[in-house]
Amino acid sequence: MSIGLADNTRPSQRRRGTERTEHRFDLSLSENPFPPLPSVLRAVNETLAQANRYPEFLPRRLPRLIAGHLGVEPDQVIVGAGATGVAMQIIQSLTGRGDEVVFGAPTFDGYPIMAGMAELETVPVPLDKAGNQDVWAMVRAINKRTGLVVVCRPHNPTGTVLGAAELKAFLCAVPARVPVILDEAYVEFLGAADHIDPLALLARHPNLLVLRSFSKAYGLAGLRIGYAFGRRELAARVRKLQLPFGVPAAAVAAVAASYAAQPELAARTLRITTERETLRNALRRCGIAVPRSHANFLYLPGPGVATALRRAGIAAKAYPDGSARIAVGDPAADTAVLQALESLR
Ligand SMILES: Cc1ncc(COP(=O)(O)O)c(C=O)c1O
């Protein structure tokens, strides 16, 4: 089993599009540092030989594959261009212009951007001091204009995880007429003790859609594969906006090959989370109050952090107060981060 980063060139130094970034390391997008597994690459390559052919008109094979993996029915699954594409489809199918969307802030940039595209009013609810979503403030922000609520587990950018009991209480407190996206883009990085059975949640909450991604733990961000699953009735409303020919055959092959390679992917995930803990401990020893992360990134509270990283040639996601979020898992990049920040405090 190969879990080394090394088979390719240094992972965080690769090209974006055709231009090499000016940074030594690009940690700005919470990507997986590992290149695709050879078995996944082979499966994708085989489909490319048929790229003169259209894929399925409406996706059937991918929802069937994912549903089998999850233990739900295929008509409960909606697939699309990354979790982003599916979230946009949810917004377009379940909300109307002028509706309010409630989320913890800051959050994944996609939410405010997509809300703007759909002409929704955003209702950002500040995270608490420890970087957790303040779910009770989010409940208080819900009113009759609320068209959607988004809760992330783990949360981006802080990596914090909402407790199981708190999530359950929160879902019970959201009126059943308001759709809820439970964004689990990083769910595979959670420790076993933090796992929640999504099927038990769906049994109680007909307004719930669980959103997931192949971009993060599966390391396929460039292929754009995401999905949501929920109760059949709600999924059917979202599926009405399914883009014809929108899911390439390569996506189906990549997912099938990834499911067949779970032990290798789990080993990579473990490598990433182990690196994450090592780096977090080292940064905390330097006096940076990094919250415990349950994802493949760390949130480094500022001020001055984002600037110090940039000066060291490290691209990070920067926040207005000088804080930064960095993807973790590449030992060379993690060492560079530590060197860049050691002298800051
Ligand atoms: C919380 C969260 N949700 C969704 C996404 C979108 O992922 P995808 O690449 O599947 O569109 C991201 C990407 O960073 C994310 O952080």
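Quick note: structure is the one above.
This structure is a prediction, so every number in the text was calculated from the model and none was measured. (Residues numbered from 1 in each chain as written. Predicted model: local features only at pLDDT ≥ 70, side-chain atom pairs only at ≥ 80, totals over all residues.)

A.B. asks: What should I look at first to understand the overall build of the chain in this one?
C.D. replies: Scanning the chain for helices and strands turns up 12 helices and 14 strands. Over its C-alpha atoms, taken along the principal directions, the chain stretches across nearly 55 × 55 × 35 Å. Taken over 345 residues, the chain has a buried fraction of 48%. (Helix = DSSP H or I, 4+ residues; strand = E, 2+ residues; numbered from the N terminus. Buried ≥ 20, exposed ≤ 12 C-beta atoms within 10 Å, placed from the backbone.)

A.B. asks: Explanation requested: the packing of helix H1 (residues 38–48) against helix H9 (residues 249–259) in the structure shown.
C.D. replies: One can describe the packing of H1 onto H9 by two numbers: an axis separation of 8 Å at closest approach and a directional angle of 155°. The pairing of H1 with H9 is recorded here as roughly antiparallel in orientation. In this structure, H1 crosses over H9, and the sense of that crossing is right-handed. Residue-level inspection shows Ser39, Val40, Ala43, Val44, Glu46, Thr47 and Leu48 of H1 in contact with H9, the latter providing Ala249, Ala250, Ala253, Ala254, Ala256, Ala257 and Ser258. (Axes fitted to C-alpha atoms, helices over the stretch in contact; angles between N-to-C directions. Parallel < 35°, antiparallel > 145°, perpendicular 65-115°, else oblique. Left-handed = near helix turned anticlockwise from the far one by under 90°. Contact = placed C-beta atoms within 7 Å.)

A.B. asks: Is there a simple way to think about the sheet that holds strand S13 (residues 317–318) in this case?
C.D. replies: Working definition: the strands of a sheet are paired by backbone hydrogen bonds and lie parallel or antiparallel to each other. Across the sheet, which stays open at both edges, the 3 strands sit in the order S11-S14-S13 with antiparallel pairing between neighbours. The open sheet has two edge strands with one neighbour each: strand S11 (297–300) and S13. Direction of pairing for S11 relative to strand S14 (residues 324–327): antiparallel, over a ladder of 4 bridges. Counted as the bridge partner of Leu300 is Ala324 from S14. (Pairing = 2+ DSSP bridges.)

A.B. asks: It is not clear to me how the sheet that holds strand S8 (residues 180–183) should be interpreted in this structure. Could you clarify?
C.D. replies: With mixed pairing, 7 strands are arranged side by side in an open sheet as S4-S10-S9-S8-S7-S5-S6. Each end of this open sheet is capped by a strand with a single partner; those strands are strand S4 (77–80) and strand S6 (121–126). Strand-to-strand twist across the sheet, computed as the mean angle between neighbouring axes with direction ignored, equals 20°. The pairing of strand S9 (residues 208–213) with strand S10 (residues 226–230) spans 5 bridges and is antiparallel. Across the sheet, residue Val210 finds its bridge partner in S10, namely Phe229. Most of the contacts of helix H2 (residues 61–70) go to S4, to which it runs at about 130°, and overall it touches S4 and S10.

A.B. asks: Would you explain the site of the ligand in this entry?
C.D. replies: Gly82, Ala83, Thr84, Ser213 and Ser215 are the nearest of the 14 residues found near the ligand. Looking at which element gives the most residues to the shell around the ligand, the answer is helix H3 (residues 82–94), with 3 residues. Residues of the shell around the ligand, tallied by class, amount to 5 nonpolar, 8 polar and 1 charged. (Near = placed C-beta within 6 Å. Nonpolar A, V, L, I, M, F, W, Y, C, P; charged D, E, K, R; others polar.)

A.B. asks: What should I look at first to understand the pairing of S4 in this one?
C.D. replies: The side chains of a regular strand alternate, first on one face of the sheet and then on the other. Covered by surrounding structure in S4 are Val77 and Val79 together with Ile78 and Gly80, the residues of both alternating faces. Bridge count for S4 against S10 is 4 bridges, and the pairing is antiparallel. Counted as the bridge partner of Val79 is Tyr227 from S10.

A.B. asks: Got a minute to help me understand the environment of Arg60 in this structure?
C.D. replies: Position of Arg60 among the secondary structure elements: in the loop between H1 and H2. As a C-alpha pair, Arg60 and Val187 span 127 residues in sequence and 24 Å in three-dimensional space.

A.B. asks: Before we go on, may I ask you to explain unusual backbone geometry in this structure?
C.D. replies: When glycine is set aside, most residues are seen to have a negative phi, and most peptide bonds are trans. The omega angle of the peptide bond from Ala105 to Pro106 is 0°, so this bond is cis rather than trans. Within the element layout of this structure, Pro106 appears in the loop between strand S5 (100–105) and helix H4 (110–117). Cis geometry is adopted by the peptide bond preceding Pro154, which originates at Arg153 and carries an omega value of -5°. Locating Pro154 in the fold gives a position in the loop between strand S7 (146–152) and helix H6 (164–173). For Ser30, which is not glycine, the phi torsion reads 40° and is therefore positive. Checked against the element boundaries, Ser30 lands in the loop between strand S3 (25–26) and H1. Residues other than glycine seldom take positive phi values, yet Arg224 does so here, at roughly 60°. Its location among the elements puts Arg224 in the loop between S9 and S10.

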